[in-house]
Amino acid sequence: MGRKKSPGLFLRAGIWQVDKYIHRQRICVSTGTASLEEAEHFLARLSEVKRQAEIYGVRPPRTFDQAAERYVDENHHKRSLRSDIGRINNLMPFIGETRLDKIHMGTLLPWLEGRRKDRVAPGTINHGLKVVRRILNLASSEWVDDHGLTWLLMAPKIRLLPDADKRKPYPLTWDEQSKLFQQLPEHLSRMASFAVNTGCRDQEICKLEWKWEVKVPQLDTSVFIIPAKIVKNKEERLVVLNQVALSVIDEQRGRHPTHVFVYEGEPAARGRHQVAPVTRMLNHAWIKARARAGMHQVRVHDLKHTFGRRLRAAGVSFEDRQDLLGHRSGRITTHYSAAELSKLVEAANKVCDGGDGKPELVVLRRLSAS
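What counts, and at which threshold
Residues numbered from 1 in each chain as written. Predicted model: local features only at pLDDT ≥ 70, side-chain atom pairs only at ≥ 80, totals over all residues. Heavy atoms only, no water. Helix = DSSP H or I, 4+ residues; strand = E, 2+ residues; numbered from the N terminus. Contact = heavy atoms within 4.5 Å. Axes fitted to C-alpha atoms, helices over the stretch in contact; angles between N-to-C directions. Left-handed = near helix turned anticlockwise from the far one by under 90°. Nonpolar A, V, L, I, M, F, W, Y, C, P; charged D, E, K, R; others polar. Salt bridge = Lys/Arg side-chain N within 4 Å of Asp/Glu carboxyl O. Buried < 20%, exposed > 50% of the residue type's maximum accessible area, 1.4 Å probe, protein only. Pairing = 2+ DSSP bridges.

Caption draft 1: Geometry of the side chain of T33. Its place among the elements puts T33 in the loop between β3 (25–30) and α1 (36–56). Apart from residues lying up to four places away in sequence, T33 is in contact with G14, I15, W16, E38 and A39.

Caption draft 2: Highlighting the packing of helix α7 (residues 186–198) against helix α9 (residues 243–252). Here α7 crosses α9 at 145°, and the two axes come no closer than 8 Å. At the point where α7 passes α9, the crossing takes the left-handed sense. Between α7, through R190, S193, F194, N197 and T198, and α9, the contact on the second element is made entirely by V244, A245, V248, I249, E251 and Q252. In terms of residue class, the contact of α7 with α9 is made up of 5 nonpolar, 4 polar and 2 charged.

Caption draft 3: Inspection of the pattern of salt bridges at higher detail. Under the counting rule described, the total for this entry stands at 13 salt bridges. Between D84 and K78 there is a salt bridge whose closest N-O contact spans 2.6 Å. Shared partners join several salt bridges into a network, and the residues in it are E213, K215, D250 and R253.

Caption draft 4: Local environment of unusual backbone geometry. In the Ramachandran plot, R119 falls in the positive-phi region, its phi being about 60° despite a non-glycine side chain. Residue position: R119 is located in the loop between α4 (109–117) and α5 (122–141). Judged by relative accessible area, R119 falls into the exposed class, the value being 77%. Although it is not a glycine, K234 sits at a positive phi angle of roughly 65°.

Caption draft 5: The arrangement of the sheet that holds strand β6 (residues 237–240) in detail. Strands sit in the order β4-β5-β6 across an open sheet of 3 strands; the sheet is antiparallel. In this open sheet, the two strands that pair with only one neighbour each are β4 (213–216) and β6. Going across the sheet, the axis of each strand differs from the next one's by a mean of 30°, ignoring polarity. Direction of pairing for strand β5 (residues 221–226) relative to β6: antiparallel, over a ladder of 4 bridges. Among the inter-strand pairings, I225 is bridged to a residue of β6, identified as L238.

Listed below in structure tokens is the structure:
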């Protein structure tokens, strides 16, 4: 006579499954084993966990891999999700099976030591720590189970590593700008000029489309409204054109039916130039140009910092600088009256004239650091 199994257990494809009401809740889950004895133990533990949660408010134990799976499921909209998944996969061998309430800086030490041994930069390690911190914070604040309990009572303190090697912004002087721009190919020079006069990021410039241009006849100019999906902070970006940026835009008209900035490659078989949008500004041509100019440290993003620094030096208010740089501010930054827009155009035009005798703050900073 065979052993009598507990109610709620059944075999499917050789593996014992649970289908049972435990404290008024139907539980359907695989035990992961073909052994009836192990399945019985699994069901007993499951029943006890449910009883403890129902009667005494004891949180069921959950592991990091369970929390990571939920995090991924809830964040398909996140642009950096693929990077986050890569960081989570790197963490799994170290804390994947660790209970959430057992994760802290101590349990992360083996992972940290492994990353340091592989000579991974502190900034890259911090990205992984931020993912862990985010998951634990969600588990302690937003993720609530059927018993009304959060997955974790309290999130531990996850400290980021000091990053002394973090790349500092490098705003350009007017002389440095001139030296660099002279070495750039014509199409990159126009894009760089647009960047340093609008504060736009690399991808905002490369993906800029004509259909986003909005004419402002009252001011005899136009602006661009970049969709939120292109902007880093996921908000629509108003791009105000000063005199230099407007002249760059006018030079680009007619070059391409959809994109503002394009590259004319070598002639094809029929003798026509291949015209296509530029995919990124920080390419081989940029790297070679900055090397010829003796400015190996300059990145495309430094042009945005240069625009912001010059606005501040010109006395432009903090609020106007936020709007011109596309920073998140809480204001509806794509809705302006003609008077408000005129003020922003006037502010942006203050950085067109090569300094106009205004103090070179970037030079003072470099001299004091030497």
